[in-house]
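Spelled out from the first residue to the last, the chains are:
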Amino acid sequence: MTVQTLTIPAVPAPELADEAALLVREIEQYLTARVRTTAHPLVTKTTAELIAEALGTAPTPAAPVLTPPARALRLLPDWVLAFPLLRQLHGAGRQISVAEHLELTALVIERYGWHRGALRSASGRRCILGAQAVLFRLGYGDETTALAAGHRLQAVLAARGISEPYHRWNDATGRTRAEVLDLVRTAAAHARQEARQ
C-alpha cells in the first residue's frame, strides 16, 4: 500500500483575500435567499457585521434592523395571535429591549395602519396599545417589557406637558398618524439612550 502525499500550492495573500471576500459574499447571498427555518427574523445582521462583531471591530449600531409581524396577521382576531404555532414563527418569548419594543410598535403601526378609538379596526389597523398587544401576543418580549415601554411613552408625553394616558392621547380628535409615530419613535430613542448610560 502506497501513501500519496498531497501538496497544496501556496496562494499569494491578495488572491486569498479575494477568495475570502468572494466566499463571504456567496454566503450572504445564500442566507438572504434562504427562507429562515430556525433563526429568528426579528433582528438581522449581515455575515460581515457578525464577523466584525465577533472580532470586536464592529461599530456600535444606532438601532437593530427590525422586522415587524407579517401584514397578513393584521386580519386575524387578536386571540389567534397567541396560538403556539404563530408565536413560534414570530417572537415565541424572545426577550427584546424596551427600545426594540417601541421600534417594533412603530413598525406595526406603519405596516398594519393606524387607528384610534379602539385597539384595532375591522381591517386590522392598530392604535399604539393595539400594536403593543400584537407584539405581546406573538411573544416579542413580555409583560414587563410592554409596561416599561408604556412608562417610556408616558414620560415623553409628560416632558411635553401632557398628563393624559398615552392610549387616550392616541384616541384624541385631530390626532394624526405622524404624531403617533413621532411619539413612539421619540420614546424608543430615549429608551435606547438610557440603556447606553
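Note that the coordinates shown come from a computational prediction; the quantities given were computed from them, not determined experimentally. (Residues numbered from 1 in each chain as written. Predicted model: local features only at pLDDT ≥ 70, side-chain atom pairs only at ≥ 80, totals over all residues. Heavy atoms only, no water.)

Glancing now at the overall build of the chain. The helix and strand inventory of the chain stands at eight helices and two strands. Counting from the amino terminus, helix and strand elements in the chain follow one another as α-β-α-β-α-α-α-α-α-α. Taking all 197 residues of the chain together, the buried fraction comes to 34%. Long-range contacts, defined as pairs at least 24 residues apart, comprise 68% of the intrachain contacts of the chain with a sequence gap of at least 6. Element-wise, carbon and sulfur atoms account for 60% of the exposed surface of the chain, whose accessible area totals about 12200 Å². (Helix = DSSP H or I, 4+ residues; strand = E, 2+ residues; numbered from the N terminus. Buried < 20%, exposed > 50% of the residue type's maximum accessible area, 1.4 Å probe, protein only. Contact = heavy atoms within 4.5 Å. Areas by Shrake-Rupley, 256 points an atom, 1.4 Å probe, with all protein chains shown as cover.)

Below, the discussion takes up the nonpolar core. As a rule of thumb, soluble globular proteins bury nonpolar side chains together. Core analysis: the biggest nonpolar cluster contains 30 residues, and Leu102, Ile109, Ile128, Leu153 and Leu183 have the highest contact counts within it. Of all the secondary-structure elements, those providing two or more residues to this core are helix 4 (98–112), helix 5 (128–138), helix 6 (143–159), helix 7 (166–171) and helix 8 (177–196). Filtering out sequence-adjacent residues up to four positions away, Leu183 remains in contact with Ile128, Leu153, Val156, Leu157, Arg160 and Trp169. (Core = buried A, V, L, I, M, F, W, Y, C linked by side-chain atoms within 4.5 Å.)

Take the pattern of salt bridges next. In the structure shown here, the tally under the stated rule is five salt bridges. Of the charged contacts in the structure, one is a salt bridge between Glu194 and Arg152, with a shortest N-O distance of 2.6 Å. With a gap of 42 residues between them, Glu194 in helix 8 and Arg152 in helix 6 connect regions that are remote in the sequence. Owing to a relative accessible area of 17%, Arg152 belongs among the buried residues under this scheme. Residue Asp182 is joined to Arg160 by a salt bridge in which the shortest nitrogen-to-oxygen separation is 3.0 Å. Of the two residues, Asp182 sits in helix 8 while Arg160 sits in the loop between helix 6 and helix 7, which places them 22 residues apart along the sequence. Judged by relative accessible area, which is 39%, Asp182 ranks as partly exposed. (Salt bridge = Lys/Arg side-chain N within 4 Å of Asp/Glu carboxyl O.)

Another aspect to go through is the environment of Leu153. Locating Leu153 in the fold gives a position in helix 6. For the pair formed by Leu153 and Thr186, sequence separation is 33 residues and the distance between their alpha carbons is 8.3 Å.

Taking 1.5 Å of rise per residue, the 15 residues of helix 4 would be expected to cover 21 Å, and the 21 Å separating its terminal C-alpha atoms lies within 8% of that figure. The element helix 4 is largely enclosed, with a buried count of eleven among its 15 residues. (Expected span 1.5 Å × (residues − 1).)

Counting buried positions along helix 5 yields eight of eleven residues, so the element is predominantly enclosed. Regarding helix 5, the residues found buried are Ile128, Gly130, Ala131, Gln132, Ala133, Val134, Leu135 and Leu138. Where helix 5 terminates, the next one or two residues include Gly139, which has phi positive at roughly 90°.

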